[in-house]
Amino acid sequence: MDFLYVIFTSLLSVAALFAITKIMGHKQLSQLSFFDYISGITIGSVAAELATELEKPWKPLTALVIYGIVSVSLSLIMRKTPRTRKFINGAPSILLDNGKLYRRNMKKAKIDLSEFLVMCREQGYFDLNEIQTAVFETNGKISVLPKSEKRPATPCDMNLSPKAAHINTEVIMDGRILEGNLMRMGLNSVWLEKQLKQQGYHNAKEIFLGICDNENNLTLFPLE
């Protein structure tokens, strides 16, 4: 009986955790603020306790719901009140600007010079002389503004007007034709079969991935 009860409470904790995560949004799964990090750990711990609580599972379940409600409420408050957002998540700090390192801000951010240099290299900057400004963000990463002469040239710099970019559409996945995507692009399976033959393939079953751009150019990745 206890074994079946553990299975039930485990499934209940998974369902509750999934529901609360969906309500809280995908932010909980990506870059976390300090509060999101704490609440994420706490909710996970309470969910684990719920999975093994045999006598009174409603207690951790109640705590799980309360933490979810508090997290969602604070998110709404921070969205409407910038001061609250700054108090809970903190504010960005300038670590380097115009050749000057701000030691006090580094100390406040709890990072040393070695960590700062690693963060710069992760952004692709091995020479601090190439950096105009480096900002330590509230998610624990740095944003780098390179010096004007070190920035990559853009079409605007060369007075060019390139065509607007569009997201490619998958038309074949795992050897299966995605008819719905073809229809949305105004294409059909007859067109696709013709394109396959032009590129030396007999049918879609030979293709691992097929993507089509806005100009109906088909790119194929065959199955190995």
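Below is a summary of the structure that appears in this document. (Residues numbered from 1 in each chain as written. Predicted model: local features only at pLDDT ≥ 70, side-chain atom pairs only at ≥ 80, totals over all residues. Heavy atoms only, no water.)

1. Thoughts on the nonpolar core
Then, in step 1: Formed by 14 residues in total, the largest nonpolar core has its most connected members in Leu95, Ile111, Phe116, Ile131, Phe136 and Ile142.
Then, in step 2: Breaking this core down by element, the ones donating at least two residues are strand S1 (93-97), helix H5 (103-109), helix H6 (113-122), strand S3 (131-136) and strand S4 (142-146).
Then, in step 3: Ignoring sequence-local partners within four residues, the contact set of Phe136 consists of Pro92, Ser93, Leu95, Ala109, Ile111, Met119, Lys141 and Ile142.
Then, in step 4: Ranked by size, the runner-up nonpolar core spans 13 residues in total, among them Tyr201, Ile207, Leu218 and Leu220. (Core = buried A, V, L, I, M, F, W, Y, C linked by side-chain atoms within 4.5 Å. Buried < 20%, exposed > 50% of the residue type's maximum accessible area, 1.4 Å probe, protein only. Helix = DSSP H or I, 4+ residues; strand = E, 2+ residues; numbered from the N terminus. Contact = heavy atoms within 4.5 Å.)

2. Here we look at the side chain of Thr133
Then, in step 1: Counting through the fold element by element, Thr133 comes out in strand S3.
Then, in step 2: Of the polar contacts made by the side chain of Thr133, one reaches the side chain of Asp97; its length is 2.6 Å.
Then, in step 3: If we skip the residues at most four places from it in the chain, Thr133 touches Ile94, Leu96, Asp97, Ser143, Val144 and Leu145. (Polar contact = N/O pair within 3.5 Å; in protein donor to acceptor, adjacent residues only side chain to side chain.)

3. Here we look at the pairing of S4
Then, in step 1: Across the two faces of S4 the burial differs, with Ile142, Val144 and Pro146 buried and Ser143 and Leu145 not buried at all.
Then, in step 2: In the sheet, S3 pairs with S4 via five bridges, with the strands oriented antiparallel. Each residue of the ladder has a partner; that of Ile131, found in S4, is Pro146. (Pairing = 2+ DSSP bridges.)

4. As for the sheet that holds S3
Then, in step 1: Strands sit in the order S2-S1-S3-S4 across an open sheet of four strands; the sheet is antiparallel. A single partner strand is all that each edge strand has here, and the edge strands are strand S2 (100-101) and S4.
Then, in step 2: Sitting on the sheet, H6 touches S1, S2, S3 and S4, and the angle it makes with S3 is about 115°. (Axes fitted to C-alpha atoms, helices over the stretch in contact; angles between N-to-C directions.)

5. As for unusual backbone geometry
Then, in step 1: Unusually for a residue other than glycine, Asn98 sits at a positive phi of about 55°.
Then, in step 2: Looking at the element boundaries, Asn98 is found in the loop between S1 and S2.
Then, in step 3: With a relative accessible area of 58%, Asn98 lands in the exposed category.
Then, in step 4: Notably, Lys110 is not glycine yet its phi reads approximately 65°, a positive angle.
Then, in step 5: By the element assignment, Lys110 lies in the loop between H5 and H6.

6. What to know about the sheet that holds strand S5 (residues 169-173)
In a beta sheet, neighbouring strands are held together by backbone hydrogen bonds and run either parallel or antiparallel to one another.
Then, in step 1: Strands sit in the order S6-S5-S7-S8 across an open sheet of four strands; the sheet is antiparallel. A strand with exactly one partner marks an edge of an open sheet, and here the two such strands are strand S6 (176-177) and strand S8 (218-222).
Then, in step 2: Judged from the five bridges that link them, strand S7 (residues 207-212) and S8 form a sheet pairing that is antiparallel. Counted as the bridge partner of Leu209 is Phe221 from S8.
Then, in step 3: The strands touched by helix H8 (residues 189-198) are S5, S6, S7 and S8; relative to S8, the strand with the most contacts, the crossing angle is about 65°.

7. Points about helix H3 (residues 58-80)
Then, in step 1: For H3, with 23 residues, the first-to-last C-alpha span of 33 Å sits near the 33 Å given by 1.5 Å per residue.
Then, in step 2: For H3, the set of buried residues is Pro60, Leu64, Gly68, Ser71, Leu74 and Met78. (Expected span 1.5 Å × (residues − 1).)

8. Comments concerning the pairing of S3
Then, in step 1: Counting buried positions along S3 gives five out of six residues, so the element sits mostly inside the fold.
Then, in step 2: Of the strand pairs in this sheet, S1 and S3 are connected by four bridges, and their pairing is antiparallel. Paired with Ile94 across the two strands is Val135, which belongs to S3.
Then, in step 3: Connecting S3 to the antiparallel partner S4 that follows it, the hairpin turn spans five residues, and Gly140 within it adopts a positive phi of roughly 90°.

By themselves, these are just geometric observations and shouldn't be taken as functional.
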